[in-house]
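Coordinate inspection notes
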Amino acid sequence: MKGRRLAIAVVLAAVAVITTAVPASANTSTQLDPGAARILIISTPGVGWSLINEADTPNLWRLFQGSAIGNMTSRTVGRPDVASGYITIGAGNRAAAARTGIDGAGMEPTEAFGEVTARDKFALDTGRDVDQGVLQLGVEPIIAANESEKADVVVGRLGDDLARASRPRAVIGNGDGDYPDQPDQLKRFAVNALMGSNGVVPAGAVGPDLLEEHEGAPFGVRDDQTAVLDAFRSVWTPNSVVMVESSDLVRAEAFALLATLQQASVALRHALARTDALVGELLKDVDLARDAVIVVSPTRAREGVLSAVGVHAPGVPAGLVTSASTRRAGSVLLGDVAPTVLALAGLPRDEKMGGTRFTVSAPAPLQHRIDTLRDDTAAAVFRDQVRGPVTVAFSVLVTLLLVLAGFALSSRRVARWRVGLVIGALSVLAFVSVSFLARLVPLHESGTLAYWAFLLSASLVIGATAWAVVRRNARDALLLVLAVIIAVLVIDVVTGAHLQLSSAFGYSATVGIRVAGYGNVAYAMLSAATILVSALAAHRIGGRRGAALVTGLMFVVFIVDIAPFWGGDVGGVLSLVPAFGVTTAMLWGIRVHLSWRVAVIATTVTLLALAALTAFDLSRPADSRTHLGRLAQRVIDEGITPFTDTILRKLHANLATWSNSEWRLVLVPSLLFLVYLAVRERPRMRTMMEEVPQMRAALVGLGVLALLGYAFNDSGVMIPGAALAILAVSLVVMLVTVGREDAPPPPPDEPVQSDASTRSVAMAAASHE
């Protein structure tokens, strides 16, 4: 009776938490007021909040006092660099440079390019004769590079949108210098941000007149700030959108690759001090009551992490920026800059852009906001350092446990090893929830030793405590530990996913693929734990009441995983509908056979669920939609091409995981252990499923989850690796206790699945010990 009460309590507690939770992402953000008179974009390559906070930057500090600020993930296609960053800004979507010597070949028409002028070279390459503004001589290779990536990028989309709205635009910046490794390559990358798809920015200055020689500067030159200011004032006209690059920072970033750490630090701080002085002069010509100022970096900060971004505009409160792309206060993507510029200009969102405009939340004093962003950055860096080792450690723990379990089973020494194997398995499962709970403590400030001590000790404590709490009933202890995984992951996401961010099995803002909802590892672990808990709880509770309760559990976990304001997981729809569906059917006593009829039913129900989720997402405002709604809108507008391009891109990423994912280390031993059980331990498996008939439903459901989770997620082997590891470790507990656990009392109502006879169970167990 105690086990049944425990199972009922676990299920009801999970349902109560989920169904009473308020969506953490309810819209409390402030939208940007449209129609800024003019827009100034100040480019500060490679600058993060730690540098701004530590350096003497009074002008930037005063600007940020009244700005919405945040961390920016400067994610592009392929290797991040300055050229790709600017192209991403201009496209409003992750983009790539051509990786050629003319990625930064922004030139004024009259400049000499070899024996001809830039105007002549541009006309020869593009067929367009342009005699004013700034020309990107490398536009054709850049367009070709992005078309080859099938990333659905429209190079120069921001420039085209501003041109259609008759908003004058200009770019000012020259990162040239005497680069010893690239002596003939131009470094005028800023042109890529505001050029149209024709490769032209109508006005601006990028020529050598912007530079002055200086013996102590990187590569012998620095910005002539007088020339930069003169060029700016000549284009800072009504309705204009102007980008001014602090090109000293471009040279400082390149210099860091060739200098010592001390030399690089000195050069960077000196460049930032000159940048701050330039900002102070620029702001003298800006009416902050009517104009908008965006400070942005096209590439990551020097430490290889998140860069600083800020927006000062009429009606924008001094808070933290966020966007529908991230759904995380204080975090935005580089691809969100272009939609933000359009919003400030009073223009509608361009559906061809993957990014979404900034919104603002969490007003607070500047120092508090900067401290928050710096801590987020430090936690992200720490997570990136421990992610690989933690995955390897989990793989080693799982492998060691499975090897010991296999030895105990094959040598018929289960009785001797039983307690150790059970506590070990429970502790390995507890490692999953502990990896997320570690974010409750600022362990990134304490170092890796404290972090590992917490992971290992807390996992062992939870495993041993679960064993003791249920008075050494291993299967109830397994139910409890798996329920903890569900509780941690569900409660976390419905309250804002604070434990997902920068946890070893979660995600990182430095990567920028996902910073809200569930990461793919968490989704796989949550789904696997839910299926196993459903089987164990249905067995413990018994009858139709048990089946009904666990059906409700699977339903609410499914909703939390797919809801746009919680998990937002499209792959969850495609995999969980069949996986949870077949598990539910079998728990209700419905026989499920592999047939065309079953496949058609499963496919139909899955597509209906996907259609309902898509319709719900499309019903929300455009700037609040997830990637599913944005993709659906593009398919509606453009046809099937965006969908097929997305599928091909995900397939390529999926296949790549077989060569680069640490989760292969846990997938292989888990699969080998399951094969061993099917081949060598068939009698014990049969007896286990006679004792707990609902485990058949769990095995089938987890098989479907692993297969479809792999197929429909670009994380590839990560999904079956995480899910099957949970299954394999749980089976260790189930199998080493065959014939040893207390049988549950008969259910009060009609059972859904018939229990095996006591005699057959006893005989099978006795013959196998």
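We now turn to the structure provided with this report. Because the structure is a prediction, the values reported are computed rather than measured. (Residues numbered from 1 in each chain as written. Predicted model: local features only at pLDDT ≥ 70, side-chain atom pairs only at ≥ 80, totals over all residues. Heavy atoms only, no water.)

1. Let's talk about the overall build of the protein chain
Selection rule: Only DSSP runs of H or I with at least four residues qualify as helices, and only runs of E with at least two residues qualify as strands; both kinds are numbered from the N terminus onward. For every residue, the accessible area (1.4 Å probe, protein chains only) is compared with the maximum for its type, and the residue is labelled buried under 20%, exposed over 50%, or partly exposed between those bounds. When checking whether two residues touch, look at their non-hydrogen atoms; a contact exists if any pair is within 4.5 Å. We get accessible surface area from the Shrake-Rupley algorithm with a probe of 1.4 Å; when it comes to residues, only the shown protein chains can shield them.
On a plain count of helices and strands, the protein chain comes out with 27 helices and 18 strands. Across the 769 residues of the protein chain, 57% fall into the buried class. Summarising the internal contacts of the protein chain: among those between residues at least 6 apart in sequence, 77% fall at separations of at least 24. In the form shown here, the protein chain has an accessible surface area of approximately 29700 Å², with 60% of it arising from carbon and sulfur atoms.

2. Quick word on the nonpolar core
Condition: Here, the term nonpolar core denotes a set of buried Ala, Val, Leu, Ile, Met, Phe, Trp, Tyr and Cys residues that are joined through side-chain atoms within 4.5 Å.
Ranked by internal contacts, the top residues of the largest apolar core, which has 124 residues, are F394, L482 and M695. Non-local contacts of F394, meaning those with residues more than four positions away in its chain, are made with V428, F431, V432, F505, M525, W663, V666 and A725.

3. Some remarks on the pairing of strand β8 (residues 169-172)
Note the threshold: Paired strands, in this sense, are two strands between which DSSP finds at least two bridges.
Of the two faces of β8, the one carrying R169 and V171 and the one carrying A170 and I172 are both buried. The pairing of β8 with strand β13 (residues 241-245) spans four bridges and is parallel. Looking at β13, one finds that I172 is bridged to V244. Note: β8 against strand β10 (residues 203-205), three bridges, orientation parallel. Looking at β10, one finds that I172 is bridged to A205.

4. Some thoughts on the sheet that holds strand β4 (residues 106-107)
To be explicit about the condition: In this analysis, axes come from line fits to C-alpha atoms, helices being fitted only over the stretch in contact, and the angle between any two N-to-C directions falls in the range 0 to 180 degrees.
Strand order in this open sheet of three strands is β4-β7-β9, and the pairing throughout is antiparallel. One side of each edge strand has no neighbouring strand; the edge strands of this open sheet are β4 and β9 (200-201). Looking at chain direction, β4 and strand β7 (residues 134-136) are connected through two bridges and run antiparallel. Across the sheet, residue G106 finds its bridge partner in β7, namely Q136. Across the sheet, helix α5 (residues 118-126) is in contact with β4, β7 and β9; its angle to β7 comes to roughly 45°.

5. A closer look at the environment of V717
In this structure, V717 sits in the loop between α25 (695-711) and α26 (718-736). You can call V717 buried: its relative accessible area is 0%. Among all residues touching V717, those that are not within four sequence positions of it are T657, W658, S661, W663, R664, L667 and Y710.

6. Examining a nonpolar patch on the surface
The condition that has to hold: Patch membership is restricted to residues that have no salt bridge and whose relative accessible area is over 30%. Joining uses 9 Å for like charges and 5 Å for the nonpolar side chains Val, Leu, Ile, Met, Phe, Trp and Tyr. When a carboxyl oxygen of Asp or Glu lies within 4 Å of a side-chain nitrogen of Lys or Arg, that pair is called a salt bridge.
A cluster of nonpolar side chains, namely V392, V396 and L665, defines an oily patch on the protein surface of about 230 Å² accessible area. Counting through the fold element by element, V392 comes out in helix α13 (residues 366-410). Judged by relative accessible area, which is 32%, V392 ranks as partly exposed.

7. With respect to the pattern of salt bridges
Scanning the model with the defined rule gives 24 salt bridges in all. Across the pair D176 and R188 runs a salt bridge whose closest N-O atoms are separated by 3.0 Å. Separated by 12 residues along the polypeptide, D176 in the loop between β8 and α8 (191-194) and R188 in the loop between β8 and α8 bring together distant segments of the chain. With respect to burial, D176 and R188 carry one shared label: buried. Residue E681 is joined to R684 by a salt bridge in which the shortest nitrogen-to-oxygen separation is 3.8 Å. Accessibility assignment for this pair places E681 and R684 in one class, buried. Several salt bridges share partner residues, and in doing so they unite E54, R269, D371 and R374 into one network.

8. Here we look at the packing of aromatic side chains
This is how it is decided: Geometry of aromatic contacts follows a simple scheme: Phe, Tyr and Trp rings, the Trp one being its six-membered ring, pair when their centres are within 6.5 Å, and the pair is stacked under 30 degrees between planes, edge-to-face over 60, tilted otherwise.
Taken as a whole, this structure holds 14 aromatic pairs when the rule is applied. A ring pair is formed by W49 and F64, whose centres lie 5.0 Å apart and whose planes are at 65°; its orientation type is edge-to-face. Placement of the pair is W49 in helix α2 (residues 49-54) and F64 in helix α3 (residues 58-65), with a sequence separation of 15 residues. A relative accessible area of 2% means that W49 is categorised as buried. Residue F64 is classed as buried on the basis of its relative accessible area, which comes to 1%. With a centroid separation of 4.1 Å and 25° between ring planes, the pair formed by Y179 and F219 is classed as stacked. Of the two residues, Y179 is situated in the loop between β8 and α8 and F219 in the loop between β11 (211-213) and β12 (221-223); the sequence distance between them amounts to 40 residues. The buried category is assigned to Y179, whose relative accessible area is 4%. By relative accessible area, F219 is classed as buried at 12%. A network of ring pairs unites the aromatic residues F394, F431, F505 and W663 as a single cluster.

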